[in-house]
Amino acid sequence: MAQPKLVPWPWQPPAVKAIVSALRKNGRALVVMATALGKTVTSALAIKKVNTRPVIFLAHSKDILRGARKDYAKIFPKLKFGVFHGTTKDIEGADIVFASLQAMHRNLSKFNPHQFRWLIFDESHHAHARTFREVVQYFKCPRLALTATPDRMDLKDIRELFGEEVVNLPLEKAIAEGWLPRIEYHLVTDDALNERYLQQLAKQVLVAGERLPLDQIRKRLFVKTRDKKIAKIIEGYSEKTIVFCQSIAHANHLAKLLKSSMIYHSGQGWEKNKKALDDLRNGVVRRICVVDAFNEGIDVPDVGLVVFV
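Notes on the structure in this doc start here. (Residues numbered from 1 in each chain as written. Predicted model: local features only at pLDDT ≥ 70, side-chain atom pairs only at ≥ 80, totals over all residues. Heavy atoms only, no water.)

For the rest of this paragraph, the subject is a nonpolar patch on the surface. Taken together, the side chains of L171, I183 and Y185 define a hydrophobic patch exposed on the protein surface, amounting to about 380 Å² of accessible area. For I183, the location among the structural elements is in the loop between helix 7 (171–176) and helix 8 (195–207). (Patch = residues over 30% accessible without salt bridge, like charges linked within 9 Å, V, L, I, M, F, W, Y side chains within 5 Å. Areas by Shrake-Rupley, 256 points an atom, 1.4 Å probe, with all protein chains shown as cover. Salt bridge = Lys/Arg side-chain N within 4 Å of Asp/Glu carboxyl O. Helix = DSSP H or I, 4+ residues; strand = E, 2+ residues; numbered from the N terminus.)

See the structure below:
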């Protein structure tokens with residue numbers, strides 16, 4: 001059965017035109033698009049427009065590469081894709097190679113600097129990391145950078161590598177234009193104090209002169225029912241939910257309080273994490289508790305609730 005034709009969103013054709021013009025004129029283009037506006041598909045439409053291969057698509061995580069490959073397959077159903085990351089290095093005869101920056105940096109000497117005709121760097125705000133920058137600068141071809149957050153906390157400017165934005169569609173513009181839903185924001189405060197411990201704490205600190213770690217104070221000062229309260233609020237929503245937790249133990253604890261939930265963290269390995277994410281995408285579970293993950297490059301369009309604990 002033939003796949004349905006992909007119809008671009010209204011903001012994508014002007015973006016593609018700006019990208020192609022910049023790449024042909026200056027050999028580089030920086031695209032800033034808010035999460036969920038389809039920057040990966042936009043890059044694929046631009047590459048289709050210039051119709052020049054081979055192409056290398058770079059990212060720092062397998063999840064991003066896997067999602068990009070899925071999106072590119074919608075635009076290029078007949079092209080051969082290659083993969084270059086971890087233990088999988090199959091790029092022979094590939095029109096488009098999806099490669100991790102880490103694997104490429106370890107193997108740069110195996111590549112001709114002129115091997116690719118176009119380079120795409122997703123989540124390009126990472127570009128100033130030394131190893132990643134070396135990969136970008138190694139290949140002598142036009143480079144397209146994609147990000148939702150171009151401004152780094154360390155004030156290093158990725159525009160030095162990719163030029164000024166040729167497309168700039170930040171979150172506030174996307175919401176104002178009605179391209180993304182408005183945000184409903186809730187704040188849960190630690191309003192239930194453990195008064196008995198507060199009296200004990202005052203005696204230890206003010207009378208005995210003890211010094212206590214802040215983390216220890218926080219854990220004991222606020223009652224343990226807080227997470228139960230948060231879980232009850234989450235259960236009041238039917239939408240798929242991502243819960244950002246502070247530790248693996250915390251994620252395990254919250255997952256036990258939530259129905260239809262799984263966990264995602266570095267302690268349980270790639271295969272279990274992949275299954276947890278797939279189960280969320282496929283609706284097998286409704287909630288996922290994560291630790292140091294999903295901060296970027298994640299694609300689960302029907303998530304309706306995000307919780308930061």
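What the eight strands build is an open sheet, ordered 4-3-5-2-6-7-1-8; its pairing is mixed. Each having just a single partner strand, strand 4 (88–90) and strand 8 (165–169) make up the two edges of the open sheet. Ignoring strand direction, the axes of neighbouring strands in this sheet form an average angle of 20°. As paired elements, strand 1 (residues 28–33) and strand 8 share four bridges and run parallel to each other. Note on strand 8: the bridge partner recorded for L30 is E165. Those strands touched by helix 1 (residues 12–26) are strand 1, strand 6 (118–121), strand 7 (143–147) and strand 8, and its axis lies near 155° from that of strand 1. Against the sheet, helix 3 (residues 62–75) makes contact with strand 2 (55–59), strand 3 (81–85), strand 5 (96–100) and strand 6, and its axis sits at roughly 165° relative to strand 5, the strand it touches most. (Pairing = 2+ DSSP bridges. Axes fitted to C-alpha atoms, helices over the stretch in contact; angles between N-to-C directions. Contact = heavy atoms within 4.5 Å.)

As a further point, take the environment of L277. Mapped onto the elements of the fold, L277 is located in helix 12 (residues 269–282). On a C-alpha basis, the gap between L277 and I288 in space is 7.8 Å, while along the polypeptide they are eleven residues apart. If we ignore the near neighbours within four places in the chain, the residues touching L277 are D63, R66, Y264, I288, F294, I298 and V300.

In this structure the tally under the stated criterion is 14 salt bridges. Among the ionic pairs, D63 bridges to R66, the shortest N-O distance being 3.6 Å. Of this pair, D63 and R66 are both found in helix 3, three residues apart, which corresponds to roughly one turn of the helix. Each of the salt bridges in this network shares a partner with another, and the network as a whole consists of D63, R66, K274, D278 and R281.

Among the residues of helix 10 (residues 226–235), those classed as buried are D227, I230, A231 and I234. Here the buried residues of helix 10 occupy an arc of 100° about the axis, which is enough to place them on one side. Of the residues in helix 10, the exposed ones pointing more than 90 degrees away from the buried face are K228 and K232. Where the residues of helix 10 are buried, they touch strand 9 (240–244), helix 11 (248–257), strand 11 (287–290) and strand 12 (303–308). (Buried < 20%, exposed > 50% of the residue type's maximum accessible area, 1.4 Å probe, protein only. Arc of directions from axis to C-beta.)

Moving on, we come to unusual backbone geometry. Across the junction of R53 and P54, the peptide omega takes the value 10°, indicating a cis bond. Along the chain, P54 turns up in the loop between helix 2 (39–50) and strand 2. Its identity is not glycine, yet N51 carries a phi of approximately 55°, on the positive side. Note that N51 resides in the loop between helix 2 and strand 2. The backbone of E123 shows a phi angle near 50°, a positive value even though the residue is not glycine. Structurally, the position occupied by E123 is in the loop between strand 6 and helix 5 (130–138). Given a relative accessible area of 5%, E123 falls into the buried group.

Within the largest apolar cluster, 39 residues are counted, with the highest numbers of intra-cluster contacts made by L37, F57, Y72, F76, F98, I120 and L144. Among residues more than four places away in sequence, those in contact with L144 are I19, L23, A29, V31, S43, L119, I120 and F121. Within the second largest apolar cluster, 26 residues are counted, among which are L58, A94, A103 and F111. (Core = buried A, V, L, I, M, F, W, Y, C linked by side-chain atoms within 4.5 Å.)

Here the focus is the packing of aromatic side chains. Counting across every chain of the model gives 15 aromatic pairs. With centroids separated by 5.5 Å and ring planes inclined at 0°, the aromatic side chains of W9 and W11 adopt a geometry described as stacked. According to the relative accessible area criterion, W11 is buried, its value standing at 9%. When the centroid spacing of 4.6 Å and the interplanar angle of 55° are considered together, the rings of Y264 and F294 count as tilted. (Phe/Tyr/Trp six-rings, centres within 6.5 Å; stacked < 30°, edge-to-face > 60°.)

It is worth spelling out the environment of Q246 at this point. By secondary structure assignment, the location of Q246 is in the loop between strand 9 and helix 11. Taking C-alpha positions, Q246 is 6.8 Å from V309, a pair spaced 63 residues apart along the chain. When near neighbours in sequence (up to four residues on either side) are disregarded, Q246 contacts R226 and V309.

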